[in-house]
Structures are given as structure tokens and as C-alpha cells.
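Observations on the three-dimensional arrangement
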Amino acid sequence: MGYSFPEEVLEHVFSFISLHTDRNAVSLVCKSWYEIERWCRRRIFIGNCYAVSPGIVIRRFPEVRSVELKGKPHFADFNLVPDGWGGYFYPWICEMARAYPWLEEIRLKRMVITDESLELISKSFKNFKVLVLSSCEGFSIDGLAAIAANCRNLRELDLRESEVEDLSGHWLSHFPDSCTSLQSLNMSCLLSEVSFSALVRLIARSPNLKTLRLNRAVPLEKLSTLLHRAPQLVELGTGAYSAEIRQDLLSNLTEAFAKCKELEGLSGFWDVVPFYLPAFYSVCSRLTSLNLSYATIQSPDVTKIITQCPNLQRLSVLDYIEDTGLDALSLSCKELRELRVFPSDPFVADANVALTEQGLVSVSEGCSKLQSVLYFCRQMSNSALTTIAKNRPNLTCFRLCILEPRAPDYQTLEPLDHGFGAIVDHCKQLQRLSLSGLLTDRVFEYIGNRAKKLEMLSIAFAGDSDLGLHFVLSGCESLRKLEIRDCPFGDKALLANVSKLETMRSLWMSSCSVSLGACKWLSQKMPRLNVEVIDEQGDLDSRPDSCHVEKLYVYRTVAGPRLDMPSFVRTMNQNPAYRR
Amino acid sequence: MSKMNMEDGLNLTLGLPGRDESDCFKNNKRSQPETNDESSGTTENKEADMETAPATKSQVVGWPPVRNYRRNIVQKESGMYVKVSMDGAPYLRKIDLKVYKGYPDLLKALENMFKLTIGVYSERDGYKGSDFAPAYEDKDGDLMLVGDVPWEMFIVSCKRMRIMKGSEAKGLGYNV
């Protein structure tokens, strides 16, 4: 100890290390570094709220200013996790309110947070600044009113994609007149109207407001009023983009947009009336981010916009853009990093739009900086996938969703194994992959052999046997999250790779062939895993070990089995004599 | 695909520790998907899984993987249903304005639906020569003649439609 640097020096050095993975590494160097690091860690990231308990976190890190927590597994986004499964924030806020009086930031994803918790947040932290609730639920406008009323220095309130019960609708007026600190407000998920006058007043007294995302209920006629009050905006989400066709309205809106010299990101665009699209053409040359994924405008209108956006880095659109629009994108937007194409009519078998694999091929050819793709389409071929892979070896995220499960290569009628194989072969930095279409065990062998940097893999309606799963679990060294649905994977692969599961954050398997007995066995073998069986048919106790479980969620934890489970969730216990 | 070096005879034994290796091997005859070997020792459950045809798309929970709010919003866009009443008819009809390409399309559909002739629109005379005039109630609650405003504006502002008959229709541009 006498030979080491003084603590203050080390602390100062550590203050430059912000990535949580780096901080974790620092803490493993030696005991004294562990001690120093834990006292000066200010930001905590917990990827699975059940992997650790609030008490353990607080004991180890007493001086935290920012907490980020994630709750439900990703497939909850698609209704595969039943309501009431868990992910409650309340136990966390109870303890943090006591332990972290200086907490400034809370970021939650897929968690359940009540009005009571929101009120507790608003009253417990004198210097509270940032609240981000991403895909959360369980609270209402009342909770928001408490935040607005009590958080004197609120800088950021972001409710992205959360489900909020709007009963009263009037919460903006709870921001006191003295509150001028707001920099970011995202209320795009709110369904009911907000008080427009309160909104205008809030915006007018927030000179540092950079991000404003309105909800659909804010009418287009009122947008120019807001823009005039906040010409410094960097990111704007419009409300509904429709109004009666009026020339004066168009002129006002055009003028208002023209005044926003800092605008770089646009979103919103529900209910678009194309007549009003030219209003924001003046900002297009500056745009780096554009979300048109709610805009039901046709390809010519979409094309007209994107050909004016040479600096575009992130684009979300509906498949109305069609192949022709994607061709235009590939020619006009050479800075494109991220592309997301959503289906306009996902439940119709026949194509309602002329969007095929060709559009993605074009973009892969023309946009050399493309790293991240989310693409919904109705047909794909091995040759297209191979072309894409060769064009874009710098891909880090590739999520392809062919709408029909088990759809083969539409040209050869073969499985798409080779195509996806090419993706993992060429794209050596690939971190995230979602598969679709007809796939055999082969594709998993390719993935296991090649995808060494892969961290998250999503599989649906694929594979032939346990071999497929075994390839992935035994081959993918960097795998952290694996989610599987409707695949013929059973006990064998799971039980042959038990120790792998402790190196991962979580594994989800639903509608597969895993038996109850295997779950029990796994749980006994690996005490530091929570093996949760989710089965809404009830009566798990009386089922034979050979029966298949509906859903399985396995995650590593130092907190032991959780105590807040509903009746349809069981954590398999380690002790064979103890049957719940 | 020589890079991939696919070995067909992948002898992998998987299974619970302590089990006989040969038992496990029997269960792995599925390494070659083309050989549909019914006599293999695969579990019944696995075969059943393979045999089961997927439910129709709309019945498969969570597929395609599109979030709820994205489904609702887009579906809302794909239907602009308005009620259509006809003077004297006992019940109303409902039509989806999004389905029609323009006024001629819409009027033809109304003619078919209500078994009548509406005629040709003119800005000056409305629906001259017809006993019927299609009208609509707009966002402000006013009764307007169908055809006066551009189609795109119409479908956004139309709340409900009314097919007016005879003399009452005269007040809306019907040439006396």
C-alpha cells in the first residue's frame, strides 16, 4: 500500500474512465483499486434489474449520481412476456431515495414504474436532472405532474415509447414559472391533448431547450407558434402533420422552420398531408436524423425529401419508400449510418408496396458508412444477402425480418443459410443479428464459427435440431443476449452448454422444446442462474418433467431467485428437496 | 462456399452427463436435413414441432416483430371510415375513404351501394340533373357539397356523408 499512488491521484485518473465496462475492468486490478473505484463511481448501468439487488449496488457504490436499469426481456416488445411478469422499479427507488440523496439521473428501459415511484423520485433528490423512461409502463399523467412540480432543476424528461395512462391530461402547467432549466422534452407517446398554452409558456421560458418531441395531439396549425418560441431547437418531433389545405398556413410553417438554424433531427409526422411537406425543406440540408416511420406518404414524396438531405446519418421510414426510393437514398445520402424500414401493412401476405431485397442491396452499394440495418420485407435471396455482405463488411447491426416465417430464397427456394453465412463471414465486427426466413442448422454452424464479436442474436422459426443451438452456444464467444422463439431446440444443447449461460446476460426461449425437467436440472447445476419458467397454463407443480415449458428465461444473478413473481412464473430451485 | 467447409458427418454427442454416448448419437441423426429419416431416434416432441404448420400470420403472437404502437398507428392510417346516410333509408352504411382514388371512384361506389344515379359534378351547378346530391359534414360541422375541395383535403376533413334527396338538395348548388 505504501508504494501505490495516493488515492486522489488514482481517483483523478479514474475520472477519465467513463465506460462501465472499463470501470468494471479497473475494479478488478487489485483490492485497493476496487475500493477507490467504487467510491468514485458516479454512473451505474444494470442491464438486468434482477441480476443484482438494490442493496448490493448501494453497498458497493455509495456515491452514485446516475442509474440506468433495464427490466423486461426484449421480446416483451412483441407481447411475448405476459403482463405482470415483473421489472418493478419500486424496490429500487425505495432504497435509492434513502441512499442517494444526490442522485441526478434515472434511465429505465422496459420497467414498470408507478405514480408513487415518480412522486418519490420528485421528492427525494434535490438535484434531480434527468428522467428517461424508455418503453416503460405503470404510471399516469399524475406521476408526471409530480415530476414537473417538484424537480426544480429538471433538464431532461424523455418518455420515449412508454405507455402512459392519460386520465387528466393537464400536467405541463405543474412546471413552476421558475423552472427554466429544461433542455429536452419527449412526450411523443402521450395519447391525449396537453394544454397548449402551458406548453408555449414552458417552451418560452426554456432558453436551453434543444430537444422537443410533441405528441400526435398537437395540431399542425400550432407548430409554427412553438417553433417561433424555440428557434434554437436541435431536434424536433412534430405532432400530427395534417391540416386543411391553406396557403397561409404553409407560408407560416415554412417561415417558422426557416428560422430554426440549428435543427438537425426531425421526427413525428403522423397523418401527413403532403401539401405541407415543403415547409421543412429548408432544414433538409442540415438534417442528420430523420424519422418518417409514421408518415404514410408514398415513394415520390419520400424521395423528394431524402434527396435534399445529403448529411443524413439515420433514417427510419415505412416501406412506402419502395426500391426506387432506396435507390435514390443510396445516391443522395452518402453519410448514412443507420437505416430502418418498417412494414406498412405487416399482416397482409401479398406485397402492398414495391419494396424488395433490391432496395437494401442498393443502399448497401451506395452508402459506404452504413453500419446498422433494420429491414422488413417480403422476399430475400442468398445472392442478395451475399452481395450486401460483400458490399458492407463494416456492418455492426443487421436485423432482417422477412414477414412470412420460414420463407425460403424466393429465387432458388433454398434455405437462406448461405446468405446469412456470408453476412457473418464478411462482417467481422457484427454485434447484433436478427435472423428470419427458412434456415437450417447450417446457418448456426456458420454463426458459431464466424460471428466472434456477436453480442446479441435473435432467432425465430429456424433450425432443425439441438445442433443449431449448440453451435451458437459453443461458438459465439462474445454472446451476451440470446432470444429464441418457435425453434426445435430442446434440452440437449442447453444442458451441454450450461457454463456458457453464466457468461451471458440472458437467454430467452419460447415455444421451443425445452422440458421442465431440464429446467430443474439446469437450475440445480448452476446456482448463480435464475431459471425462470413462464407458463400461463398453470399447475406447473403437477406437470411431468418431460413436458415442454411455454417460455424460459435464464439469466445470471448475484441476487438469488426473485421474490416478486406472479403465479405463472417460477424460478426453478437449486435444492431438489424443496419443491414449490 | 468452400470457406465454410461444411462437414456433413458432424459427430456431436449431446446429452445429460452420465448418459451413454451411443444413446445420444442416435438422437442426432437430424444433422442432414435432406434425409428425412423417420426411423431416427428423435423425440416425438421434436417431430411434432417440425410437423406443425405455423398458424396464419395474424394468429401468431408477436409476429412480425413490430411494436404495438407501430401496429395501431399504421392500421389507423389504413382505414378512414365514415358513415354514409341516405335520406329515407332505414339504416346507414360505412365506407373507407382511403380505398378510393378520387371523387369519380367514390361517387361510383355510392351509386352502386345505394342503387341510384348521382350524376356529374360541376363547380357551378353541383350535381345538376340528378335527384341526389352527395353532401358531407366537415370538421367544423358544416354541411358541404362533395366535390368542392381537393380530394386530399376532403378525405381529411370529411366526418360523415349524407346523400340528400330531391328538393332539399337544391340549396347546395343544385340548379333550380
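Residues numbered from 1 in each chain as written. Chains lettered and ligands numbered in written order. Predicted model: local features only at pLDDT ≥ 70, side-chain atom pairs only at ≥ 80, totals over all residues. Heavy atoms only, no water.

1. Some words on the overall build of chain B
Of regular secondary structure, chain B possesses five helices and five strands. Helices (α) and strands (β) of chain B occur, in sequence order from the N terminus, as α-α-α-β-β-α-β-β-α-β. With 176 residues in all, chain B has 37% of them scored as buried. In chain B, the share of contacts with a sequence separation of at least 24, taken over all contacts with a separation of at least 6, comes to 42%. Put simply, chain B shows about 10700 Å² of open surface, and 49% of that area lies on carbon and sulfur atoms. (Helix = DSSP H or I, 4+ residues; strand = E, 2+ residues; numbered from the N terminus. Buried < 20%, exposed > 50% of the residue type's maximum accessible area, 1.4 Å probe, protein only. Contact = heavy atoms within 4.5 Å. Areas by Shrake-Rupley, 256 points an atom, 1.4 Å probe, with all protein chains shown as cover.)

2. A word on the overall build of chain A
Looking only at helices and strands, one finds 20 helices and 23 strands in chain A. Computed over C-alpha atoms, the radius of gyration of chain A comes to 25 Å, within 12% of the 25 Å expected from 2.2 N^0.38 for 580 residues, which places it in the range of a compact globule. Here the C-alpha coordinates of chain A stretch approximately 75 × 65 × 55 Å along the principal axes. Here chain A holds 580 residues, and 60% of them are scored as buried. (Rg over C-alpha atoms; globule rule 2.2 N^0.38 Å.)

3. Observations concerning the packing of aromatic side chains
Counted under the stated rule, the structure contains 26 aromatic pairs over all chains. Between Trp171(A) and Phe175(A), the aromatic rings sit 6.2 Å apart at their centres with planes inclined by 50 degrees, giving tilted as the arrangement. Across the pair, Phe175(A) and Trp171(A) agree in class, each one buried. Grouped by ring-pair contacts, the aromatic residues Tyr50(A), Phe75(A), Phe78(A), Trp85(A), Trp508(A), Tyr553(A) and Tyr555(A) constitute a single cluster. Directly above the ring of Phe196(A) sits Lys222(A), whose terminal nitrogen or CZ lies 5.0 Å from the centroid. Above the plane of the ring of Phe342(A) lies Arg70(B), whose end atom (NZ or CZ) is 3.6 Å from the centre. (Phe/Tyr/Trp six-rings, centres within 6.5 Å; stacked < 30°, edge-to-face > 60°. Lys NZ or Arg CZ within 6 Å of the ring centre and 35° of its normal.)

4. Things to note about the pairing of strand S1 (residues 43–46) of chain A
All names here are of chain A. Only one face of S1 is buried: it carries Ile44 and Ile46, and the other face, with Arg43 and Phe45, is open. Across four bridges, S1 lies against strand S2 (residues 66–70) in parallel orientation. Bridge pairing links Phe45 to Glu68 in S2. Each parallel crossover has a hand, and the one from S1 via helix H4 (residues 54–60) to S2 is right-handed. (Pairing = 2+ DSSP bridges. Right-handed = clockwise from strand over helix to strand, strands pointing away.)

5. Some points on empty space enclosed by the protein
All names here are of chain A. Scanning the model with the defined rule gives three cavities of 30 Å³ or more in all. Looking at the second largest cavity, its volume works out to about 40 Å³. Considering the residues around the second largest cavity, the lining is formed by Asp319, Ala351, Val353, Leu355, Phe376, Cys377 and Arg378. Among the residues making up the lining of the second largest cavity, the classes are represented as five nonpolar, no polar and two charged. (1 Å grid on protein atoms, 1.4 Å probe; cavity = no way out; pocket = protein on both sides within 12 Å on 5 of 7 lines; lining within 4 Å. Points joined across faces, edges and corners; volume = space filled by probe spheres on them. Nonpolar A, V, L, I, M, F, W, Y, C, P; charged D, E, K, R; others polar.)

6. Some details on the pattern of salt bridges
Residue and element names in this part refer to chain A. On inspection of all chains with the given rule, the structure shows 31 salt bridges over all chains. A salt bridge links Asp486 to Arg485; the nearest nitrogen and oxygen atoms lie 2.8 Å apart. Linking Arg543 and Asp535 is a salt bridge whose minimum nitrogen-to-oxygen distance equals 2.9 Å. Salt bridges linked by common partners bring Arg43, Glu105, Arg107 and Arg155 together as one network. (Salt bridge = Lys/Arg side-chain N within 4 Å of Asp/Glu carboxyl O.)

7. Here's the deal with helix H15 (residues 417–426) of chain A
Each full turn of the α-helix corresponds to 3.6 residues, which orients residues three or four apart in the same direction. Residue and element names in this part refer to chain A. Of all ten residues in H15, eight are buried, a share of seventy percent or more. Among all positions in H15, only Asp417, Gly419, Phe420, Gly421, Ala422, Ile423, Val424 and Asp425 are buried. In this fold, the buried residues of H15 make contact with helix H14 (382–391), strand S16 (397–402), strand S17 (432–434) and helix H16 (441–450).

8. Some details on the layout of surface pockets
In this approach a probe as big as a water molecule rolls over the atoms, and the regions it shows empty are the leftover space. Residue and element names in this part refer to chain A. Approximately 1100 Å³ is the volume attributed to the second largest pocket. Around the second largest pocket, the lining comprises 27 residues; the ones closest to its centre are His20, Asn24, Phe45, Gly47 and Arg556. Going through the elements one at a time, helix H2 (20–27), S1 and H4 are the ones with two or more residues in the lining of the second largest pocket. The dominant element in the lining of the second largest pocket, judged by the number of residues it contributes, is H2, at four residues. The residue inventory of the lining of the second largest pocket, partitioned by class, reads twelve nonpolar, eight polar and seven charged.

9. Notes on the state of the cysteines
Residues and elements named next belong to chain A. Per the stated rule, a full pass over the model turns up zero disulfides over all chains. Unpaired in terms of disulfides, Cys427 finds its nearest cysteine sulfur in Cys397, a separation of 11 Å. Free of any disulfide, Cys476 has its nearest cysteine sulfur in Cys487, 14 Å distant. (Disulfide = S-S within 2.5 Å.)

10. Section: the nonpolar core
Within the largest apolar cluster, 232 residues are counted, with the highest numbers of intra-cluster contacts made by Trp171(A), Tyr241(A), Phe257(A), Phe398(A) and Phe154(B). Counting residues per element, this core draws most heavily on helix H8 (residues 196–204) of chain A, at six residues. Contacts of Phe398(A), omitting those with residues within four sequence positions, involve Leu360(A), Val373(A), Leu385(A), Ile388(A), Phe420(A), Ile423(A), Leu430(A), Arg432(A), Leu433(A) and Ser434(A). Core analysis: the second largest hydrophobic core is formed by five residues, Leu10(A), Phe14(A), Val26(A) and Ile36(A) among them. (Core = buried A, V, L, I, M, F, W, Y, C linked by side-chain atoms within 4.5 Å.)

11. As for the confidence of the model for chain A
When pLDDT is averaged along chain A, the result is 95; 98% of the residues meet or exceed 70. Contacts for the low-pLDDT stretch residues 576–580 of chain A, under 50 throughout, to residues beyond four places or in other chains number eight contacts. (pLDDT = per-residue confidence, 0-100.)

12. Some details on unusual backbone geometry
Note: most peptide bonds trans; most residues except glycine with negative phi. Of the consecutive residues Trp63(B) and Pro64(B), the connecting peptide bond is found in the cis state with omega at -5 degrees. Topologically, Pro64(B) is positioned in the loop between helix H2 (44–51) and helix H3 (68–77). With a phi close to 50 degrees, Ser511(A) is a non-glycine residue in the positive phi region. Mapped onto the fold, Ser511(A) is located in the loop between strand S20 (506–510) and helix H20 (516–525). For Ser511(A), a relative accessible area of 42% translates into the label partly exposed. Of note in the backbone geometry, Lys115(B) takes a positive phi value of approximately 55 degrees without being a glycine.

13. Regarding the sheet that holds strand S1 (residues 81–86) of chain B
Residue and element names in this part refer to chain B. Read from one edge to the other, the open sheet built from five strands follows the order S2-S1-S5-S3-S4, with strand pairing classed as mixed. Each of the sheet's edge strands pairs with one partner strand only, and the pair in question is strand S2 (93–96) and strand S4 (143–145). Taken over all neighbouring pairs, the strand axes of this sheet differ in orientation by 35 degrees on average, direction set aside. Strand direction decides the pairing type here: strand S3 (residues 132–137) and strand S5 (residues 160–165), joined by six bridges, are antiparallel. Looking at S5, one finds that Glu137 is bridged to Arg160. The strands that helix H4 (residues 103–114) touches are S1, S2, S3 and S5; relative to S2, the one it contacts most, it runs at about 155 degrees. (Axes fitted to C-alpha atoms, helices over the stretch in contact; angles between N-to-C directions.)

14. Thoughts on a nonpolar patch on the surface
Taken together, the side chains of Phe5(A), Val9(A) and Val13(A) present a nonpolar region at the surface, about 270 Å² in accessible area. Along the polypeptide, Phe5(A) turns up in the segment before helix H1 (7–14). (Patch = residues over 30% accessible without salt bridge, like charges linked within 9 Å, V, L, I, M, F, W, Y side chains within 5 Å.)

15. Structural notes on the confidence of the model for chain B
Residue and element names in this part refer to chain B. Per-residue pLDDT for chain B has a mean of 68; in total, 56% of the residues score no lower than 70. Note on residues 1–57: pLDDT under 50 across the span, and 76 contacts to partners over four residues away in sequence or across chains. Model confidence for the complex is summarised by a pTM of 0.80, with the ipTM given as 0.89.

16. Some points on helix H6 (residues 115–124) of chain A
All buried positions along H6(A) are accounted for by Ser117(A), Leu118(A), Ile121(A), Ser122(A) and Ser124(A). Tucked inside the fold, the buried residues of H6(A) contact helix H5 (90–99), strand S3 (105–109), strand S4 (130–134), strand S5 (137–140) and helix H7 (141–150) of chain A.

17. Focus on the side chain of Asp417(A)
Residues and elements named next belong to chain A. Its place among the elements puts Asp417 in helix H15. The buried charged residue Asp417 lacks any salt bridge, with Arg442 as its nearest oppositely charged partner at 5.2 Å. When residues no more than four places from it in sequence are discounted, the contact partners of Asp417 are Asn382, Leu438, Leu439, Thr440, Arg442, Val443 and Tyr446. (Lys, Arg positive; Asp, Glu negative; His and termini not counted.)

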